[in-house]
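What follows is each chain in one-letter form.
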Number of protein chains: 2
Amino acid sequence: MNFIENGSVTTPKGFLASGVHCGIRKNQTKKDLALIFAEVPCTAAAVYTKNLVKGAPLKVTKDHLANGIARAVICNSGNANTCNADGEEKAEMTCDALTKALNISAEDIIIGSTGVIGQPINIDAIIGGIPELVESLSKNGTPAAEGIMTTDLVKKEYAVEFELGGKKVSIGAIAKGSGMINPNMATMLSFITTDVKISAEMLNEALHMAVEDTYNMICIDGDTSTNDMVSIMASGLAENTEITEKNADFDLFVKALVMVTAQIAKSIAKDGEGATKLLRVIVSNCKSVEFARTIALSVVSSSLVKAAMFGSDANWGRVLCAIGYAGCDVDITKIDVSFKSKAGEIPVCENGAGIPFSEEIAKEILLCDEIDILVNMNDGYQRAIAYGCDLTYDYVKINGDYRT
Amino acid sequence: MNFIENGSVTTPKGFLASGVHCGIRKNQTKKDLALIFAEVPCTAAAVYTKNLVKGAPLKVTKDHLANGIARAVICNSGNANTCNADGEEKAEMTCDALTKALNISAEDIIIGSTGVIGQPINIDAIIGGIPELVESLSKNGTPAAEGIMTTDLVKKEYAVEFELGGKKVSIGAIAKGSGMINPNMATMLSFITTDVKISAEMLNEALHMAVEDTYNMICIDGDTSTNDMVSIMASGLAENTEITEKNADFDLFVKALVMVTAQIAKSIAKDGEGATKLLRVIVSNCKSVEFARTIALSVVSSSLVKAAMFGSDANWGRVLCAIGYAGCDVDITKIDVSFKSKAGEIPVCENGAGIPFSEEIAKEILLCDEIDILVNMNDGYQRAIAYGCDLTYDYVKINGDYRT
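Since this is a predicted model, take the numbers as computed values, not measurements.

Participant: Please clarify how the overall build of chain A should be interpreted in this entry.
Facilitator: Looking only at helices and strands, chain A features 11 helices and 16 strands. Relative to a compact globule of 404 residues, whose C-alpha radius of gyration would be 22 Å, chain A shows 21 Å and is just as compact. Across the 404 residues in chain A, those meeting the buried criterion constitute 62%. Sequence-distant contacts in chain A: of pairs separated by 6 or more residues, those separated by 24 or more amount to 81%.

Put into structure tokens, the structure is as follows:
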């Protein structure tokens, strides 16, 4: 099981992709419309944001995926098509136009939008862009990865390959971050493809399992978006024995899927708005996995912890404080905390109290751009990892005037 | 019922106060130790942080207040005395030293600490400072208000006077903000005094009622502190008929107390770390007061809303988004949103969808330094106000390297 160099959603057999500038964004050098097309009907599943305010495209997608089958994903950036009176109508218009261009049913289309909320979407630009989008479909996934980016600085596309029942199979994914990111699904847009043969039901189960441990454990700013979703399409062209139950093949598939989604989670966190550092909070030896997740997310979400990490300041008291208000009934006096990076590891708190440590060495460790905050609860056997980033001047800058 | 010019904790009859630099802070121009002394035994009550990690002084205070009686408040800034193995011991040592200097029982002392977590507190400095602290007790409350400040830019002291059963009575308060501020009590330090005669039980009840609507509705950064508390001492020297039950006098007392605590809540929010603007989120016509409070706090806590307000950007979609993830079962399609300041008021969202508005006028309104975000749920009769501030470069700067 390994990552493929330059892997993307087009790595699995049966998928093409494209991305163009259609005119939603003013900046003509920025792509704003992406397409993934499956050459055969796919089993499909999706997970949606838990925000009560849901983007119009999500409602439309939910309807379309009721039968567990899909052929295409279309997604624009630059406008979320959310909180607009005619949002669903325009999402359906987009699907209708794509239906004609690809000769597929509208019910087989997954649609997403990302960008500013509450501004009318330029439907003429989208419909005008569809012919070029369809014409430029190819085995290159990168234009699609670029087409869904908003404030992301880095495109996110990955693929893994592995063997399943004697067949070589693969899973590919593209994603966008990078603000309004908080647990409670889906915290982002991510479109996944695979050539594994798997029933819609098992695909749905696998996706939920992978999301729980990875995408739902990212926090950039505590704001759960209205539009985020993760979808997966499985073409079945790898010709493995179809996965229809929770057997060894299913477990292997989930493992590979988690490998992709964890990598994307990490890359989204690292590319969080304004971020200069990736933070991972690793909670170990906790009495329940729910507590471990809640505590890890509480620490990674703390503005004070995030600001301290930006300043390379080993202010571990803020870590303990964020554990204390996480709402979990834990024994604070058993907790050990260390900071770790490629420069080394330094224990700073034992049994819930400070211990003497070298500020100089701590600083050296925290100056690195990938930092692990290790929280050992010493009270059980469960663990969880949460992904986040530091809080910086640039986060404020980016979000102080996003719309202009 | 009105505010008194230059009112403070010394306004009510029977209270003296002082503040000195004792040496916890390096900067000799910054006071770091404060005292409030009651000339007679007072009924007393307090509310404490809900963080599981509690400062040592809070544990000591809780023990001391078990009998509902107090004579003095001592509080240092510059060190939270939290997450130190010998924290309680040192808090008791402080009380012992004060006991001797004031000739009162250690059990009658309320003790607080605020500042960095997890560093040993300089007990010698505190004990060395107590003689000067006691000698300088006077009817001037300002040195005490200054002695408890940390990153606060503005000292916070207020007093109201009103008539109660034919007697002139007053309530005074000092407080400190300004980071690590989040609902769930007490999110700050505030020490209140009054000369009203009231039983410890009713005083406790009144304090909890006032805190619920004011201090618990402030959010600066979502981090619930380990050390925060609000205490109140009532000297009874106004000689009103003692309040021992929930009668008209009790209601009037609560009203006056809320007037003081609301003013302090507002001043703490406005002086939030790095803040340039006070934000008030006013949720009206909601189906329950719990929903109204939760929604108001969700909006005022949103990093994206706070950053937009910093940038004077009428990005109301973020307001709706924060309502959507608040976890309350409400009808999004009924919600109206307006922005308001002394420059005017502008509706931006009706029935959960955007309406056309002048960006120019909106900008003018949002450039003011006190902004109200009005959220009309159009689905009930309850309301709540939450207090917060914008998210700025300076918040990041202050918290990126707080300890040095």
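Participant: In this structure, what is going on with the confidence of the model for chain A? I would like to understand it.
Facilitator: Close inspection of predicted coordinates is inappropriate in any region flagged by low pLDDT. Per-residue confidence for chain A gives a mean pLDDT of 90, with 95% of residues at or over 70. Contacts from residues 181-187 of chain A, a stretch scored under 50 in pLDDT, to residues over four places away or in other chains number 41 contacts.

Participant: Help me out: how do you make sense of helix α9 (residues 316-324) of chain B in this one?
Facilitator: Because an α-helix completes one turn every 3.6 residues, residues spaced three or four positions apart along the sequence face the same direction. With 9 of 9 residues buried, α9 of chain B is to be regarded as a mostly interior element. Every buried residue of α9 of chain B is accounted for by Trp316, Gly317, Arg318, Val319, Leu320, Cys321, Ala322, Ile323 and Gly324 of chain B. Of the surrounding secondary structure, the elements contacted by the buried residues of α9 of chain B are β5 (109-116) of chain A together with α7 (289-301), α8 (303-310), β12 (336-341), β13 (344-350) and β15 (370-376) of chain B.

Participant: Which parts of the structure should I look at to understand the sheet that holds β12 of chain B?
Facilitator: Hydrogen bonding along the main chain pairs the strands of a sheet, whether they run parallel or antiparallel. All names here are of chain B. As summarised here, the arrangement of the 7 strands in space is β9-β16-β11-β15-β12-β13-β14, forming an open sheet in which the pairing is mixed. What marks the edges here is a single partner per strand, and that holds for β9 (218-219) and β14 (353-354). Sheet topology note: the β13/β14 ladder contains 2 bridges and is antiparallel. Bridge pairing in β14 places glutamate 350 opposite alanine 353. On the sheet, α7 packs against β9, β11 (278-286), β15 and β16 (382-389) and is oriented at approximately 20° with respect to β16. Contacting β12, β13 and β15, helix α10 (residues 359-366) crosses the sheet at an angle of about 120° to β13.

Participant: Just checking my understanding: could you explain the nonpolar core for this structure?
Facilitator: A general trend in soluble globular proteins is that nonpolar side chains are found buried together. Counting 278 residues, the largest nonpolar core has Ala72 and Ala296 of chain A together with Ala72 and Ala296 of chain B as the members making the most contacts within it. Leave out the neighbours within four places in its chain, and alanine 296 of chain B touches Met217, Val281, Val283, Ala384, Ile385 and Ala386 of chain B.

Participant: I'm lost on the domain arrangement of chain A in this one. Help?
Facilitator: All names here are of chain A. For chain A, the domain assignment lists domain 1 (2-270) and domain 2 (278-400). Distance between the C-alpha centres of domain 1 and domain 2: 32 Å. Facing the 12 residues of domain 1 at the interface are 14 residues of domain 2. Elements with a minimum of two residues in the side of domain 1 that touches domain 2: β9 (218-219) and α6 (248-270). Per-element accounting of the side of domain 1 that touches domain 2 gives the leading share, 4 residues, to α6. Broken down by class, the residue content of the side of domain 1 that touches domain 2 amounts to 7 nonpolar, 3 polar and 2 charged.

Calculation rules
- Residues numbered from 1 in each chain as written.
- Chains lettered and ligands numbered in written order.
- Predicted model: local features only at pLDDT ≥ 70, side-chain atom pairs only at ≥ 80, totals over all residues.
- Helix = DSSP H or I, 4+ residues; strand = E, 2+ residues; numbered from the N terminus.
- Rg over C-alpha atoms; globule rule 2.2 N^0.38 Å.
- Buried ≥ 20, exposed ≤ 12 C-beta atoms within 10 Å, placed from the backbone.
- Contact = placed C-beta atoms within 7 Å.
- pLDDT = per-residue confidence, 0-100.
- Pairing = 2+ DSSP bridges.
- Axes fitted to C-alpha atoms, helices over the stretch in contact; angles between N-to-C directions.
- Core = buried A, V, L, I, M, F, W, Y, C linked by C-beta atoms within 7 Å.
- Domains from an automatic or database assignment.
- Nonpolar A, V, L, I, M, F, W, Y, C, P; charged D, E, K, R; others polar.

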